[in-house]
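The lines below spell out each chain.
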Amino acid sequence: MKITFYGHASLGITINDVNILVDPFISANEKASHINIDTLDADYILLTHAHQDHILDVEVIAKRTNAVIISNYEIVSHFQNKGLEGHPMNHGGSWDFEFGMVKYVNAIHTSSFPDGSYGGQPGGFVIEGEHKNIYIAGDTALTMDMKLIPMQTKLDLAILPIGDNFTMGIDDAILASDFVECDKVLGYHFDTFGYIEINHEEAKRKFFDKDKDLMLLDIGESLEL
Ligand code: NI
Ligand code: MN
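This is a predicted model, so every value here is computed, not measured.

I'd like to hear about the overall build of the protein, residue by residue, with values.
Broken down by element type, the protein carries 6 helices and 14 strands. Radius of gyration (C-alpha) of the protein: 16 Å, near the 17 Å computed for a compact globule of 225 residues. Taken along the three principal axes of its C-alpha coordinates, the protein extends 50 × 40 × 35 Å. Within the span of the protein, comprising 225 residues, buried residues form 56% of the whole. Counted over contacts in the protein with a minimum sequence separation of 6, partners at least 24 positions apart contribute 59%. Carbon and sulfur atoms make up 45% of the accessible area of the protein, which totals about 10000 Å². Across the protein, the 15 positively charged side chains and the 35 negatively charged ones have centroids separated by 4 Å.

Structure follows, in structure tokens:
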């Protein structure tokens, strides 16, 4: 499994030659100006919730790639009404896709579309790939529901928001890492706007002090699991 950070909460995940894009918000992110959305591969697009900083580039990319959009019922319906392909889910549901099992899990946040219309309830994803399992938390507060995840899935990586203000910050992300029983964390949802700027060295040190590993990728950088 290869995971590429495209800035903010945008990720590319490759599992057995299947390309999955998560929450594409790239074209308006000045820090990601070196990423060209017209060259990104996508067989599937996973969306955690309807906020603009998670769905901005969905239409352009899905139209070009015919990617299948996987999200909650309301978000998938919104994009199906625009003629795009989708697979609707809802909280607690899982489905076996060609690349592995996906479960839509709880997040504590909001989920309106940019025009204010209802975007269902926000979520995160557990993905069980052929050899590796990951948790993409989405925008969320720390929540006890995270403790349910390791009862069913042994995670190899937890992707957690760490920017604070709109989501968990560093200290709560460390507790989330305990809750999901995964000490290997990829941080995301930080530095994009003034509200969520973090001190990288302090964040890494706080995780290190708890015998945990916080990875912060440069935009465009990848890791292999
Ligand atoms: Ni949000
Ligand atoms: Mn967000």
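Please give an account of the coordination of the manganese ion (ligand 2) that cites residues and values.
Protein coordination at the manganese ion (ligand 2) comes from D53 (OD), H54 (NE2), D139 (OD) and H189 (NE2), with a distance range of 2.1 to 2.2 Å. In terms of primary sequence, the donors binding the manganese ion (ligand 2) are separated according to D-H-x84-D-x49-H. Separating the manganese ion (ligand 2) from the nickel ion (ligand 1) is a gap of 3.1 Å, which D139 spans by donating to each of them. With D53 in helix α1 (residues 52-55) and D139 in the loop between β10 (133-136) and α4 (149-152), this pair connects stretches of sequence that are 86 residues apart. For the pair shown, D53 and D139 are each scored as buried.

For the sheet that holds strand β11 (residues 157-161), give the residues involved together with the corresponding values.
Pairing within the open sheet is mixed, and its 7 strands lie in the order β7-β8-β9-β10-β11-β12-β13. In this open sheet, the two edge strands, each paired with only one partner strand, are β7 (94-97) and β13 (213-215). Across the sheet, the axes of successive neighbouring strands diverge by a mean angle of 20°, strand direction being ignored. Pairing between strand β9 (residues 123-128) and β10: 4 bridges, direction antiparallel.

The rules behind these values
- Per chain, residues are indexed from 1 in the order of the written sequence.
- Chains and ligands are labelled sequentially in the order written, the chains with letters from A and the ligands with numbers from 1.
- Thresholds applied to this predicted model are a pLDDT of at least 70 for local features of residues and 80 or more for the giving and counting of side-chain atom pairs; totals over whole chains, interfaces and linings are not thresholded and use all residues.
- Hydrogens and water molecules were not included; the side-chain quantities draw on all heavy atoms of the structure.
- Helix and strand definitions here come from DSSP, where helices need a minimum of 4 consecutive H or I residues and strands a minimum of 2 consecutive E residues; each element is numbered from the N-terminal end.
- The globule rule used here is 2.2 Å times the number of residues to the 0.38 power, and the radius of gyration it is set against is calculated over C-alpha atoms.
- Relative accessibility under 20% of the residue-type maximum defines a buried residue, over 50% an exposed one, and the middle range a partly exposed one, all with a 1.4 Å probe and only protein chains included.
- Residues are treated as being in contact if the distance between any of their heavy atoms lies within 4.5 Å.
- Surface accessibility follows the Shrake-Rupley procedure with a 1.4 Å probe radius. Residue values consider only the protein chains on display as shielding.
- Only four residue types enter the tally: Lys and Arg on the positive side, Asp and Glu on the negative side, with His and both chain ends excluded.
- Charged groups are reduced to one reference atom each: NZ for lysine, CZ for arginine, CG for aspartic acid, CD for glutamic acid.
- Donor atoms are limited to N, O and S found within 2.8 Å of the metal ion, a distance that becomes 3.2 Å for Na, K and Ca. With water left out, some sites might look partial.
- Should DSSP find at least two bridges between two strands, the strands are taken to pair.
- Angles shown run from 0 to 180 degrees and are taken between the N-to-C directions of axes, each axis being a line fitted to C-alpha atoms and, for helices, limited to the stretch in contact.

Nothing here speaks to function; it is all geometry.
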